[in-house]
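Here is how the chains run, residue by residue.
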Amino acid sequence: MSSEFTAIINALNNQQVVAYPTEAVFGLGCDPDSEQALHKLLDLKQRPWDKGLILIAADYQQLLPYIDDSRLTPSQREAIFASWPGPVTWVIPAKPTTPRLLTGRFDSLAVRVSDHPLVQQLCREFGKPLVSTSANLSGQPPCRHAAEVTQQFGERFPVLPGNVGGRQNPSEIRDALTGEQIRQG
């Protein structure tokens, strides 16, 4: 594991918010089980808690502690797996134990298994999914380069260097129960 990776994992373990490259833009993330880290992320983004957040993972197994897989039919599961790993985020019923700061005002959670190699590695090394929201201050465009993250968030902000994937748009968001598109990708 590189020293950059070690520093990011240490920051996550210390309830900090970090930035990392995703399929289209840099993401801001934190430990989804740390209330302190979730509050830091929401404050940083000036994002209302009730909107909910996205979890990004290396594989479906990492998402099972947060989503109610038993509410999905085999064909719904098949549709999800057909799009993963990749840039499609699915809104799936959440377990009652999933933190409200993740689900917001909803009984569901937006989740994605990323095909970005650095996200895959980061989630594997950390041992669980990460919260994922675009790295930008309110009103600013999302960052596509590590230097832009540093510009917006400061020299000391923990950034995993790397290239974003070639996508121009953020991930598509679909409802797992209805198949309905919520946000175009």
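Our subject is the structure listed above.
The text that follows walks through the structure, step by step, so that each part is easy to find. Nothing here was measured: the structure is a model prediction, and the numbers come from that model.

Parameters and conventions
- Residues numbered from 1 in each chain as written.
- Predicted model: local features only at pLDDT ≥ 70, side-chain atom pairs only at ≥ 80, totals over all residues.
- Heavy atoms only, no water.
- Helix = DSSP H or I, 4+ residues; strand = E, 2+ residues; numbered from the N terminus.
- Rg over C-alpha atoms; globule rule 2.2 N^0.38 Å.
- Contact = heavy atoms within 4.5 Å.
- Areas by Shrake-Rupley, 256 points an atom, 1.4 Å probe, with all protein chains shown as cover.
- Buried < 20%, exposed > 50% of the residue type's maximum accessible area, 1.4 Å probe, protein only.
- Pairing = 2+ DSSP bridges.
- Phe/Tyr/Trp six-rings, centres within 6.5 Å; stacked < 30°, edge-to-face > 60°.
- Arc of directions from axis to C-beta.
- Disulfide = S-S within 2.5 Å.

A look at the overall build of the protein
Within the protein one finds six helices and eight strands. Mapped from its N terminus to its C terminus, the protein presents α and β elements in the order α-β-β-α-β-α-β-α-β-α-β-α-β-β. For 185 residues, the compact-globule formula gives about 16 Å, and the C-alpha radius of gyration of the protein, at 15 Å, lands near that figure. Principal-axis analysis of the C-alpha atoms gives the protein an extent of 45 × 35 × 30 Å. A separation of at least 24 residues holds for 65% of the contacts in the protein among residues at least 6 apart in sequence. Roughly 8,800 Å² of accessible area belongs to the protein as shown, and the carbon and sulfur atoms make up 48% of that amount.

As for the pairing of strand β3 (residues 54-57)
Neither face of β3 is exposed, since I54 and I56 on one face and L55 and A57 on the opposite face are all buried. Inspection of the sheet shows β3 paired to strand β5 (residues 108-113) by four bridges, in the parallel sense. From the neighbouring strand, L55 faces β5, where its bridge partner is V111. Taken together, the three bridges between β3 and strand β6 (residues 130-134) define a ladder with antiparallel strand orientation. The residue of β6 that forms the bridge with I56 is L130.

Here's the deal with the packing of aromatic side chains
Counted under the stated rule, the structure contains three aromatic pairs. Centroid distance Y60 to F81: 4.8 Å. Interplanar angle 85 degrees. Geometry classified as edge-to-face. In this pair, Y60 sits in the loop between β3 and α3 (74-83) while F81 sits in helix α3, placing the two residues 21 residues apart along the sequence. A relative accessible area of 37% places F81 in the partly exposed class. Between Y60 and W84, the aromatic rings sit 6.2 Å apart at their centres with planes inclined by 45 degrees, giving tilted as the arrangement. With Y60 in the loop between β3 and α3 and W84 in the loop between α3 and β4 (88-93), the pair connects residues that are 24 residues apart, well separated along the chain. The burial state of Y60 is the same as that of W84; both residues are buried. Aromatic rings pair up to connect Y60, F81 and W84 into one cluster.

A few points about helix α2 (residues 35-45)
Along an α-helix, a turn takes 3.6 residues, which lines up residues three or four apart on a common side. Within α2, the full set of buried residues consists of A37, L38, L41, L42 and K45. Down the axis of α2, the smallest arc covering the buried residues is 135 degrees, so these residues share one side. α2 presents E35 and D43 as exposed residues on the side facing more than 90 degrees away from its buried surface. The elements touched by buried residues of α2 are β2 (26-29), α4 (100-103) and β6. Of the residues trailing α2, Q46 is marked for its positive phi of about 50 degrees.

What about the state of the cysteines?
Tallied over the entire structure, the rule returns zero disulfides. We note that C30 lacks a disulfide partner, and the nearest cysteine sulfur, in C123, lies 12 Å from it.

Quick word on the environment of L137
As for its position among the elements, L137 is in the loop between β6 and α6 (146-153). Residue class for L137 comes out partly exposed when judged on its relative accessible area of 27%. Between the C-alpha atom of L137 and that of Q76, which follows or precedes it by 61 residues, the distance is 35 Å. Those residues within four positions of L137 in sequence are excluded, and the remaining contacts are L44, Q152 and F153.

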